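Observations on chain architecture
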Amino acid sequence: MRLRDWPLCCGTWLLVMVVAAVPQALADPLPTWRDGAAKTAIMDFVARVTDPEGRDFVPVAERIAVFDNDGTLWSEQPVYFQVLFAMDRVRAMAAQDPSFADTPALKAAVAGDWQALFTDHGKPMGAVLNATHGEITVEEFQKRAGQWLREADHPDTGRPYDQMVYQPMLELLRYLRDEGFSTYIVSGGGLHFIRAYADGTYGIPPQQVIGSTTQERFELVEGVPQVIKEEGVFFINDKGGKPVGIDRHIGRRPIFAAGNSDGDLEMLQWTTAGQGPRFAMIVHHDDGAREWAYDRDSKIGRLDKAMDLAPEEGWLLVSMKDDWTQIFPWGNR
């Protein structure tokens, strides 16, 4: 190379490197969130708490973000997916041994009699959950749940249940982790049911899942040490139980919380009552065309009191219809 060609050569090389870096530097961490107030509020909060020179800086160890699961990270219609799993398990168990379905509750489950299952404050459905979730090792239960989530089809979309997750929320989880947050699931759903897929689906490991639990016991099964799920509820991680579960499991008050229903109200209140910068958001199901539209009158994921409190408390109310360009990773319902 001649000396006179050196500046042009180096200048061209430098320009190529800069141009190549621009897309990565300017990449949108929330591409399926429409530009607007909701997206701006989230990104402004993250920028404030991660700026080491700012007055709202939060150390990495304290960047705790908690998320409800049903209706917040994935769909919950027409009924909670864990209930559908239990119904399918009853049918499978009865097919292997017809004598298994020897109670009115189990017979109703086999027949798909939803009205009978939810009479008497849902006690028959509780019996179905006991029969399908009890007296089984944790490992075997999670294996069965994981297989069902991958192979069973949602009754409306025909998609496997582990694909019924919200693409914008997957992006939000990843964005927060990229910015030094630890992300947790705090759900009223079963702990081991969620652990069966949370790591592969959300990138949230088992130890960062907080859920409702059954009684358990240790036992040697054919000489192998096992933890056995028993019948009967040990802890319900819903409503006021959510802050209790967070305190027991994490030991820190979150600075970021996301939910979708009145079942998340206490978690949002407790999160935002702490000192320093705080953020709470509610996913509002207002898109009947691409997902489902429901709030105050819904039997599943009812959103009433929390929606009224959101403006007063400064919580972000996220509109699925207006704030998300896409619902699921594969598109829309």
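Cut-offs applied
Residues numbered from 1 in each chain as written. Predicted model: local features only at pLDDT ≥ 70, side-chain atom pairs only at ≥ 80, totals over all residues. Heavy atoms only, no water. Salt bridge = Lys/Arg side-chain N within 4 Å of Asp/Glu carboxyl O. Helix = DSSP H or I, 4+ residues; strand = E, 2+ residues; numbered from the N terminus. Buried < 20%, exposed > 50% of the residue type's maximum accessible area, 1.4 Å probe, protein only. Axes fitted to C-alpha atoms, helices over the stretch in contact; angles between N-to-C directions. Parallel < 35°, antiparallel > 145°, perpendicular 65-115°, else oblique. Left-handed = near helix turned anticlockwise from the far one by under 90°. Contact = heavy atoms within 4.5 Å. Nonpolar A, V, L, I, M, F, W, Y, C, P; charged D, E, K, R; others polar. Pairing = 2+ DSSP bridges. Phe/Tyr/Trp six-rings, centres within 6.5 Å; stacked < 30°, edge-to-face > 60°. Lys NZ or Arg CZ within 6 Å of the ring centre and 35° of its normal.

In the structure shown here, the tally under the stated rule is 15 salt bridges. The partner of Asp-68 in a salt bridge is Lys-242, with the nearest N and O atoms 3.0 Å apart. Here Asp-68 is found in the loop between β1 (64-67) and α3 (81-96), whereas its partner Lys-242 is found in helix α11 (residues 241-249), with 174 residues between them in sequence. Judged on exposure class, the residue Asp-68 and its partner Lys-242 are both buried. The partner of Arg-217 in a salt bridge is Glu-230, and the shortest N-O contact between them spans 3.1 Å.

Direction vectors running N to C along helix α2 (residues 37-50) and helix α8 (residues 167-178) enclose 15 degrees, while the axes themselves pass 11 Å from each other. It follows that α2 is roughly parallel to α8 by the angle criterion. Crossing of α2 over α8 shows right-handed handedness. Between α2, through Ile-42, Met-43 and Val-46, and α8, the contact on the second element is made entirely by Leu-172, Tyr-175 and Leu-176. A breakdown of the residues in the contact of α2 with α8 according to their chemical character gives 6 nonpolar, no polar and no charged.

Let's shift gears to the sheet that holds strand β8 (residues 316-319). Taken in spatial order, the 8 strands make up an open sheet running β2-β5-β4-β3-β1-β6-β7-β8, and their pairing is mixed. On the outer flanks of this sheet lie β2 (136-137) and β8, each paired with one strand and no other. Two elements, strand β6 (residues 256-259) and strand β7 (residues 279-284), share 4 bridges in a ladder whose sense is parallel. Bridging across to β7, Phe-256 finds its partner in Phe-279. Set on the sheet, α8 makes contact with β1, β3 (182-190), β6 and β7; between it and β1 the angle comes to about 165 degrees.

As a further point, take unusual backbone geometry. Residue Pro-78 is reached from Gln-77 by a cis peptide bond, and omega for that bond is 5 degrees. Here Pro-78 shows up in the loop between β1 and α3. With phi around 55 degrees, Asp-120 is a residue other than glycine that occupies positive phi space. Tracing the backbone through its elements, the reader meets Asp-120 in the loop between α5 (114-117) and α6 (123-133). We note that His-121 has phi near 60 degrees; this positive angle belongs to a residue other than glycine.

With that settled, consider the environment of Tyr-197. For Tyr-197, the position within the fold is in the loop between α9 (191-195) and α10 (198-202). The spatial distance from the C-alpha of Tyr-197 to the C-alpha of Gln-142 is 8.6 Å, given a sequence separation of 55 residues.

All right, on to the packing of aromatic side chains then. Scanning the model with the defined rule gives 19 aromatic pairs in all. Taken together, a centroid distance of 5.8 Å and an interplanar angle of 90 degrees make the contact between Phe-85 and Phe-141 edge-to-face. With Phe-85 in helix α3 and Phe-141 in helix α7 (residues 138-151), this pair connects stretches of sequence that are 56 residues apart. There is no split in this pair, since Phe-85 and Phe-141 are both buried. An angle of 75 degrees between the planes, with centres 6.2 Å apart, marks the rings of Phe-193 and Tyr-197 as edge-to-face. Each member of the pair, Phe-193 together with Tyr-197, is buried. Over the ring of Phe-235 we find Arg-248, and its NZ or CZ is 5.2 Å from the ring centre. Between the NZ or CZ atom of Arg-333 and the centre of the ring of Trp-292, over which it lies, the distance is 4.5 Å.

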